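# Chain and residue survey
Okay, here's what each chain looks like letter by letter:
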Amino acid sequence: KQEVTQIPAALSVPEGENLVLNCSFTDSAIYNLQWFRQDPGKGLTSLLLIQSSQREQTSGRLNASLDKSSGRSTLYIAASQPGDSATYLCAAKDFSGGYNKLIFGAGTRLAVHP
Amino acid sequence: DTGVSQDPRHKITKRGQNVTFRCDPISEHNRLYWYRQTLGQGPEFLTYFQNEAQLEKSRLLSDRFSAERPKGSFSTLEIQRTEQGDSAMYLCASTRAGPETQYFGPGTRLLVL
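Notes on the structure follow. As the structure is a computational prediction, the values presented were derived from the model and not from experiment.

## Details of the overall build of chain B
Helix and strand counts for chain B stand at zero helices and 11 strands. In chain B, the order of α-helices and β-strands from amino to carboxyl end is β-β-β-β-β-β-β-β-β-β-β. A compact globule built from 113 residues would reach a C-alpha radius of gyration of about 13 Å, and chain B, at 13 Å, matches this within 12%. Seen through its principal axes, chain B has C-alpha atoms that stretch 40 × 25 × 25 Å. Counted over contacts in chain B with a minimum sequence separation of 6, partners at least 24 positions apart contribute 53%. Surface summary for chain B: the accessible area is close to 5700 Å², and the carbon and sulfur share equals 44%. Taken as two groups, the 15 positive and 13 negative side-chain charges of chain B have centres that lie 5 Å from each other.

## Some words on the overall build of chain A
For chain A, the count of helices and strands is zero helices and 11 strands. For chain A, the succession of helices and strands along the chain, N to C, is β-β-β-β-β-β-β-β-β-β-β. The C-alpha atoms of chain A give 14 Å as radius of gyration, which agrees with the globular expectation for 114 residues (13 Å, within 12%). Viewed in the frame of its principal axes, chain A has a C-alpha envelope of about 45 × 30 × 20 Å. Burial statistics for chain A: of 114 residues in total, 44% are counted as buried. In chain A, 54% of the contacts between residues at least 6 apart in sequence involve partners at least 24 apart. Here chain A displays about 5200 Å² of accessible surface, and carbon together with sulfur accounts for 49% of that area.

## Things to note about the packing of aromatic side chains
Applying the stated criterion across every chain yields a total of nine aromatic pairs over all chains. Relative to Phe104 of chain A, the ring of Phe36 of chain A lies with its centre 5.6 Å away and its plane at 40°, an arrangement referred to as tilted. In this pair, Phe36 of chain A is assigned in strand E4 (residues 30-38) and Phe104 of chain A in strand E10 (residues 101-104), connecting sequence segments 68 residues apart. Taken individually, Phe36 of chain A and Phe104 of chain A each receive the classification buried, so the pair is uniform in this respect. Residues Phe21 of chain B and Tyr90 of chain B carry aromatic rings whose centres are separated by 5.4 Å and whose planes lie at 45° to one another, so their mutual orientation is tilted. Of this pair, Phe21 of chain B sits in strand E3 (residues 19-24) while Tyr90 of chain B sits in strand E9 (residues 88-95), placing them 69 residues apart in sequence. Grouping residues by exposure puts Phe21 of chain B and Tyr90 of chain B together as buried. Within the aromatic cluster, the residues linked to one another by ring pairs are Phe36 and Phe104 of chain A together with Tyr33, Tyr35, Phe45, Tyr48 and Phe104 of chain B. Note that Lys101 of chain A overlies the ring of Phe45 of chain B, its terminal NZ or CZ placed 5.6 Å from the centroid. The side chain of Arg22 of chain B reaches across the aromatic face of Phe74 of chain B, ending 3.9 Å from its centre.

## Points about the interface of chain A and chain B
Listed per partner, the contact involves 22 residues of chain A and 24 residues of chain B. Across the interface of chain A and chain B, roughly 1800 Å² is buried in total on both sides, 53% from carbon and sulfur atoms. The tally of links between chain A and chain B comes to one salt bridge. Linking Lys101 of chain A and Glu56 of chain B is a salt bridge whose minimum nitrogen-to-oxygen distance equals 3.3 Å. Linking chain A with chain B are five residue pairs in polar contact (both at pLDDT 80 or more), by the criterion used here. Elements supplying a minimum of two residues to the side of chain A that touches chain B: E4, strand E5 (44-51), strand E9 (86-94) and E10 of chain A. Broken down by element, the side of chain A that touches chain B gets its largest block of residues, five residues, from E4 of chain A. Residue composition of the side of chain A that touches chain B, by class: nine nonpolar, 10 polar and three charged.

## Here's the deal with the sheet that holds strand E8 (residues 75-79) of chain B
All names here are of chain B. Judged by pairing direction, the sheet is antiparallel, and its four strands sit side by side in the order E1-E3-E8-E7 without closing on themselves. Two strands close off the open sheet at either side, each with one partner strand: strand E1 (5-7) and strand E7 (65-68). Strand-to-strand twist of the sheet, defined as the mean angle between neighbouring strand axes without regard to direction, takes the value 15°. Relative to E3, E1 runs antiparallel, the two sharing three bridges. From the neighbouring strand, Ser5 faces E3, where its bridge partner is Asp24.

Basis of the calculations
- Residues numbered from 1 in each chain as written.
- Chains lettered and ligands numbered in written order.
- Predicted model: local features only at pLDDT ≥ 70, side-chain atom pairs only at ≥ 80, totals over all residues.
- Heavy atoms only, no water.
- Helix = DSSP H or I, 4+ residues; strand = E, 2+ residues; numbered from the N terminus.
- Rg over C-alpha atoms; globule rule 2.2 N^0.38 Å.
- Contact = heavy atoms within 4.5 Å.
- Areas by Shrake-Rupley, 256 points an atom, 1.4 Å probe, with all protein chains shown as cover.
- Lys, Arg positive; Asp, Glu negative; His and termini not counted.
- Charge placed at Lys NZ, Arg CZ, Asp CG, Glu CD.
- Buried < 20%, exposed > 50% of the residue type's maximum accessible area, 1.4 Å probe, protein only.
- Phe/Tyr/Trp six-rings, centres within 6.5 Å; stacked < 30°, edge-to-face > 60°.
- Lys NZ or Arg CZ within 6 Å of the ring centre and 35° of its normal.
- Buried area = accessible area lost by both parts, 1.4 Å probe.
- Salt bridge = Lys/Arg side-chain N within 4 Å of Asp/Glu carboxyl O.
- Polar contact = N/O pair within 3.5 Å; in protein donor to acceptor, adjacent residues only side chain to side chain.
- Nonpolar A, V, L, I, M, F, W, Y, C, P; charged D, E, K, R; others polar.
- Pairing = 2+ DSSP bridges.
- Axes fitted to C-alpha atoms, helices over the stretch in contact; angles between N-to-C directions.

Now the structure itself:
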């Protein structure tokens, strides 16, 4: 059974810092891995999607990497801003049962203070 | 922008009542998913439709839960005889095909008193 873990659970940094959020998964047979952002009380916004054949994806100040062999993904945020404050969730697209569904970690709550 | 929409956004009900939520996916998306998220946790998969066919149901989906997607467009999730443990955010997502990004709606927050 696929399990996804995110470390740290919470992070508080000053504005301008570069930071790394970690995601690990137990079953390397994933289809892809997605990173999402969730603001309090809101739905999820997709940030980056990495296919199982890819190593990394970049969008603006965000870079996500994937290492299937070690069961890890990282989300790198460059030059953090207060507007980046949110919960960041990673999710592995799992093939168990034959149908695609996302298995989520519990998230990392990020606070960027001015 | 016609993203995924959900209705209602908030629902407060008394224990034992039935509630129904609606999800309208992005129009060309044939796959639709329901997830449940409790405070401080990531979303958990509930069920999945491809067009009108419900292809997978999680063990989290007890007999009190039923989901439909009658014409392969919008979907409804009904909870009968609600319990306080049903209080959560119910999220809907849609996608066109397996490798593509799942797009999430804003969610319906349910509070059972």
